[in-house]
Amino acid sequence: MRIQAKRLFGGRGQGPAMVSSNPISFLGGVAPTTGEIIDTHSPLSGRNVSGRILAFPGGKGSTVGSYILYGLARRGRAPAAIIVERPDTIVTVGAVIGKIPAVYGIPPDVLHDGEWVEVDADKATVRVRDVTSYDVVTCFLRNRGRILLLRRSAKVGTFQGTWAGVSGYVEGDEVFLERALKEISEEVGIADPVLAATGEPVYARNGDRLFIVHPYTFEVDTRNVRLDWEHAEYRWVKPAEISAFKGVPKLAEAYQSAANGVPARMANRRRGPPP
Amino acid sequence: MYLTPEQEKLLQDGRPSEQTAMKLLVTLGEVHGAGRLIPVTWAHISGASYLTIGDTGLEFLEDFCHDVSVRVKTTVNPISIDLERWREMGVPKEYAEKQMKIVEAYRGIGVEETYSCTPYLIGQPPSKGEHLAWAESSAAIYANAVLGARTNREGGPSALSSAVTGFTPEFGLHLDENRKAGVKVNVEAKLGGMRYSLLGLALGPMLDGEIPYFQKLPGSDEDLKWFGAALASTSDATLFHVEKRTPEWRNSLHGRLRTIRVTEKDLKDAQRSFSTGEEADAIGIGSPQLSAKELEAIAVLMKRYRPKLPVWVFSSRDAKSRAGDAVKTIERFGGRVWADTCLEVSPLYYMFKTMATPSGKGAYYLPSLCKQKVILEDLAKLLRRYS
């Protein structure tokens, strides 16, 4: 897999991933001369960040943490590269003054601890050789405030019996939105859905596969659903109920991303005027 | 991000540290969605105390400062010692030497050696609408709220980058639309003295990133200094508005806002939760540093109460020079008036274990930075208790 992140500071680095699901406090958390994690509350306590691809949600604690990253880099003890989900000031400043290759926008759970990761921060890409990524669209249809959830049938290839939005793999060079419209027509037989919002991608890692979920919300003017073979059941639910369903990985996150996404009016404008 | 030809040249062909500075400003700007870099008239740098930045901070400054100079007016936050009287502070020589290396690094790039967290009290303060790059949260909130100048809450390295380039990325509080009030605050409690600090400490956790708006907040500019410093400690607030008082209150309200009530109980709870000590070893007054006017008020109290334990007063060299008589009085009655440093960035742990203070910001940082237990109490009450 090779996924697109955003560049924080250029350069390239590769090495084994060190994955933290918790924010890291560099001041008091990481020894500035060795790179050892000395925060006894951290699950990574006792390990060493040097030469690792450090993937974590963000920094926390004192802004002096930036200097700790600088001190590590100065001694050749810095991480080989940084993958941070949310680039706060501590990590941003630390990466720039320490000249540490760094990208952002990728949550740490995309990676498995210990696997070999290649970061090209100039191109803002993250690569893991033995993992295959799949682009998937998922559509949340909305009618009078309720959202359509579908239970996947026993005949589909993945996540049988779990709940999902209208979903499908993107094939080849296909435009994501066209795939979304095709899936809505095939899977639930609803015509003329109106795009409401486009969310940021959500990543779901499952073994040696990574699903890059592109979430959308659509307004529809009917609750009449005609299921095809891919689904066994459907329900119109309140948004707050989604997390209570046994869903496909990251279902609730995908909905949140779509609900908070760029409104369609702006998304259209962004593409510029028609030729 | 759009860069002017001049900015592009600095990024590509500047000295190594200028290139680093430009990269840092551009990266911070891109992360925050800034469209361009704008000129600033004044940079205020934090991260000057050896107590806070330590050896790796010193290394960075020595590496960074050797080949650059400031391009705009630049002031510097307090260091960890009084440059003239550090021996009286119980500070070992090796510690002072490390601190002096930081001072030399900043001196080398041509800063004004203010060593003050109240740069707005030294010389001509910034004007309404002026763009600044100020680190030091208590100074940034004061400049935005009380003076109507415009600055984000910078960190040490970003303010330093602005100092040597003259630019800051245009986002956040530099833009009109981000300076509107987000929540109304009703204070249902008596105010005065230390209670402005308590208000700041108590309000911080009640905010959810919004800019607070007060229909009524009496009190002097000094009171707002103590309030803002405490508020900026317990939240990331860097601006507030007060009706008929602060420069931008007229245009700051839009739409319907929720209202927060801060009650007498909230203030008492804040005082209790930040008071962790039993018996004080000393009284510390500062954080932020005291103005000349405040030094005069303290001199009167010292003469009246003649306290029997050490009273350490933190001010700027500038204010100290303008309140010479007050300083003499304070010292005659057992106090010490330090310059260049401030309460929670000096190594108090060489002398004391429990510090009594009327400063909300001090109470917030003293336990972690200076390993102190804290008694947070009104100054007159403290001086009377220990007289």
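Numbering of residues starts from 1 in every chain and runs along the sequence as written. Both sets of labels track the order of writing: A upward for chains, 1 upward for ligands. Local features in this predicted model are restricted to residues of pLDDT 70 or higher, and side-chain atom pairs are both shown and tallied only at a pLDDT of 80 or more, whereas totals for entire chains, interfaces and linings draw on every residue. Excluding hydrogens and water, the side-chain figures rest on all heavy atoms present in the structure.

This paragraph deals with the overall build of chain B. Secondary structure elements are taken from DSSP: a helix is a run of H or I of four residues or more, a strand is a run of E of two residues or more, and numbering for both begins at the N terminus. Each helix and strand counted, chain B has 14 helices and 14 strands in total. For the radius of gyration, the atom set is restricted to C-alpha positions; the globular benchmark scales as 2.2 Å times the number of residues to the power 0.38. For chain B, the C-alpha radius of gyration of 21 Å lies close to 21 Å, the compact-globule estimate for 387 residues. By principal-axis analysis of the C-alpha atoms, chain B measures approximately 65 × 55 × 35 Å. Working definition: with a 1.4 Å probe on protein chains only, accessible area under 20% of the residue-type maximum means buried, over 50% means exposed, and in between means partly exposed. Within chain B, buried positions represent 63% of all 387 residues. When the accessible surface of chain B is split by element, carbon and sulfur atoms take 48% of a total near 15,100 Å². Seen as two clouds, the 49 positive and the 48 negative side-chain charges of chain B have centres 7 Å apart. Each accessible area is a Shrake-Rupley estimate made with a 1.4 Å probe; only the visible protein chains count as cover when residues are assessed. The positive count covers Lys and Arg only, the negative count covers Asp and Glu only, and His and the chain ends enter neither. All charge positions are set by atom: Lys at NZ, Arg at CZ, Asp at CG, Glu at CD.

Another point: the pattern of salt bridges. A side-chain nitrogen of Lys or Arg and a carboxyl oxygen of Asp or Glu constitute a salt bridge if their distance falls within 4 Å. The full count for this structure, using the stated rule, is 42 salt bridges over all chains. Here Arg142 of chain A makes a salt bridge to Glu219 of chain A, at a shortest N to O gap of 2.7 Å. Placement of the pair is Arg142 of chain A in strand E9 (residues 132-143) and Glu219 of chain A in strand E15 (residues 209-219), with a sequence separation of 77 residues. A relative accessible area of 22% places Arg142 of chain A in the partly exposed class. Its relative accessible area of 33% is what places Glu219 of chain A among the partly exposed residues. In this structure, Arg317 of chain B engages Glu84 of chain B in a salt bridge whose closest nitrogen and oxygen atoms are separated by 3.2 Å. Here Arg317 of chain B, found in helix H11 (residues 317-322), pairs with Glu84 of chain B, found in the loop between strand E3 (73-76) and helix H4 (93-108); they are 233 residues apart in sequence, far enough to count as distant. By relative accessible area, which is 27% here, Arg317 of chain B ends up partly exposed. Relative accessible area serves as the criterion here: at 59%, Glu84 of chain B is assigned to the exposed category.

With that out of the way, let us pick up the domain arrangement of chain B. Often, the extent of an interface is quoted as the loss of accessible area upon association of its parts. Residues and elements named next belong to chain B. Each domain of chain B was delimited in the assignment, giving domain 1 (5-176), domain 2 (180-272) and domain 3 (275-385). Marked domain ranges trace back to an automatic or database domain assignment. Spacing between the C-alpha centres of domain 2 and domain 3 amounts to 25 Å. Only heavy atoms matter for contacts: two residues are in contact if any of them lie within 4.5 Å across the pair. Taken together, the contacts link 14 residues of domain 2 with 18 residues of domain 3. Summed over both partners, the accessible area lost on bringing two parts together, with a 1.4 Å probe, is the buried area. Between domain 2 and domain 3 lies a buried interface of about 1,300 Å² when both sides are counted; carbon and sulfur atoms form 55% of it. It is Met194, Trp226 and Ser233 that lose the most area in domain 2 upon contact with domain 3, and together they represent 40% of the buried surface on that side. Summed over the shared surface of domain 2 and domain 3, the result is two salt bridges. Lys293 serves as the salt-bridge partner of Glu222, at 3.8 Å between the closest nitrogen and oxygen. Counting of polar contacts relies on pairs of N or O atoms within 3.5 Å, with two restrictions inside protein: one atom must be capable of donating a hydrogen and the other of accepting it, and residues adjacent in sequence are counted only when both atoms are side-chain atoms. At the surface where domain 2 touches domain 3, the tally comes to ten residue pairs in polar contact (both at pLDDT 80 or more). A total of seven residues in the side of domain 2 that touches domain 3 trace back to one element, the largest contributor, which is helix H8 (residues 221-234). Taken together, the residues that form the side of domain 2 that touches domain 3 break down as six nonpolar, five polar and three charged. The classification used treats Ala, Val, Leu, Ile, Met, Phe, Trp, Tyr, Cys and Pro as nonpolar, Asp, Glu, Lys and Arg as charged, and all other residues, Gly among them, as polar.

All names here are of chain A. Note on pairing: two strands pair once DSSP finds at least 2 bridges between them. One open sheet holds the eight strands; their spatial order is E1-E8-E7-E3-E4-E5-E6-E2, and the pairing between them is mixed. Each end of this open sheet is capped by a strand with a single partner; those strands are strand E1 (2-4) and strand E2 (6-9). Along the sheet, successive strands turn relative to each other by an average axial angle of 30 degrees, direction set aside. Summarising the sheet, strand E3 (residues 12-19) and strand E7 (residues 116-120) pair through five bridges and their orientation is antiparallel. Each residue of the ladder has a partner; that of Pro16, found in E7, is Trp116. Lines fitted to C-alpha atoms define the axes, with helix axes restricted to the stretch in contact, and inter-axis angles between N-to-C directions lie between 0 and 180 degrees.

All names here are of chain B. Residue position: Lys320 is located in helix H11. The buried charged residue Lys320 lacks any salt bridge, with Asp82 as its nearest oppositely charged partner at 4.4 Å. Here Val337 takes part through its backbone oxygen, which lies 3.0 Å from a polar atom of the side chain of Lys320.

Another aspect to go through is the sheet that holds strand E8 (residues 241-242) of chain B. Residues and elements named next belong to chain B. Read from one edge to the other, the open sheet built from four strands follows the order E8-E7-E6-E9, with strand pairing classed as parallel. In the strand order of this sheet, the two ends are held by E8 and strand E9 (259-263), each with one partner. Strand direction decides the pairing type here: strand E6 (residues 183-188) and E9, joined by five bridges, are parallel. Its bridge partner lying in E9, Val187 is registered against Val262. Along the sheet, helix H9 (residues 264-274) makes contact with E6 and E9, crossing E9 at roughly 65 degrees.

Glancing now at the interface of chain B and chain A. Between chain B and chain A, the contact holds 16 residues from the first and 17 residues from the second. In total, chain B and chain A occlude about 1,600 Å² of area from one another, counting both sides; carbon and sulfur atoms represent 67% of this. Connecting chain B to chain A are three salt bridges. For Arg74 of chain A, the salt bridge identified is with Asp63 of chain B, shortest N-O distance 2.7 Å. On the surface where chain B and chain A come into contact, there are four residue pairs in polar contact (both at pLDDT 80 or more). Looking at the side of chain B that touches chain A, the elements that each hand over two or more residues are helix H2 (16-31), helix H3 (50-65) and helix H6 (156-165) of chain B. Here the side of chain B that touches chain A is composed, by residue class, of six nonpolar, six polar and four charged.

To define a nonpolar core, start from buried Ala, Val, Leu, Ile, Met, Phe, Trp, Tyr and Cys residues and group those joined through side-chain atoms within 4.5 Å. Counting residues in each nonpolar core, the largest one holds 124 residues, and the members touching the most others are Phe26 of chain A together with Leu61, Tyr106, Leu203, Phe214, Phe227 and Phe240 of chain B. Take this core: its biggest share by element is eight residues, from H3 of chain B. Those residues within four positions of Leu203 of chain B in sequence are excluded, and the remaining contacts are Val185, Pro212, Phe214, Phe227, Leu231, Ile260 and Val262 of chain B. One finds Ile283, Ala299, Val327 and Ile375 of chain B within the second-largest nonpolar core, a separate group that totals 29 residues.

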